[in-house]
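Coordinate inspection notes
Given next are the chains, with one letter for each unit.
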Amino acid sequence: MEAEKELTPNTPEKIIFCVDVSAEVDSLDFAKTAKKVGMTRLDCIKTAIRTFVYLKQKMNSEHQFGLMYVTDVPTWVQDPTDDGELFLRKVNALQSRGDFKSLDLSSVFELVYTVS
């Protein structure tokens, strides 16, 4: 019985979003519907994150959300927080940052481990 309580969907979670902010996210070719209304890839990503955070907070207001963006290196934008409004302000402020040739994904995990 105790194990069932630990596995419920309402267990507080730390969820970290890692968003690619290379120049490609400014393109309008992500989806036909998005293209029709002038949404860039980054706009679609922001909308998906906002929807996800809203629904997760409805399930449990103690869920925490962190945000980083990646260029050629990962950069923290927001440490994990249960303040949904603060987190979404940071998401809304994301902008593309230019062209980058590569990213060492291990640097993303290293950064996550330093904050968790």
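Here the structure is a predicted model, which is why all the values come from computation and not from measurement.

**Section: the packing of aromatic side chains**
Here the structure, examined in full by the defined rule, presents four aromatic pairs. Relative to Phe-65, the ring of Phe-17 lies with its centre 6.5 Å away and its plane at 25°, an arrangement referred to as stacked. Of this pair, Phe-17 sits in strand E1 (residues 14-20) while Phe-65 sits in strand E2 (residues 64-70), placing them 48 residues apart in sequence. Under the relative-accessibility criterion, Phe-65 is labelled buried at 0%. Taking 5.8 Å as the distance between ring centres and 40° as the angle between the ring planes, the aromatic pair formed by Phe-17 and Phe-87 counts as tilted.

**Focus on the sheet that holds E2**
With mixed pairing, three strands are arranged side by side in an open sheet as E1-E2-E3. Whereas interior strands pair on both sides, the edge strands pair on one side only; in this sheet they are E1 and strand E3 (74-81). Each adjacent strand pair in this sheet contributes to an overall mean axis angle of 15°, direction not counted. On top of the sheet, helix H3 (residues 41-59) reaches E1 and E2; it is set at about 175° to E1, its chief contact. Lying on the sheet, helix H4 (residues 84-92) is in contact with E1, E2 and E3; it crosses E3 at an angle near 160°.

Calculation rules
Residues numbered from 1 in each chain as written. Predicted model: local features only at pLDDT ≥ 70, side-chain atom pairs only at ≥ 80, totals over all residues. Heavy atoms only, no water. Phe/Tyr/Trp six-rings, centres within 6.5 Å; stacked < 30°, edge-to-face > 60°. Helix = DSSP H or I, 4+ residues; strand = E, 2+ residues; numbered from the N terminus. Buried < 20%, exposed > 50% of the residue type's maximum accessible area, 1.4 Å probe, protein only. Pairing = 2+ DSSP bridges. Axes fitted to C-alpha atoms, helices over the stretch in contact; angles between N-to-C directions. Contact = heavy atoms within 4.5 Å.

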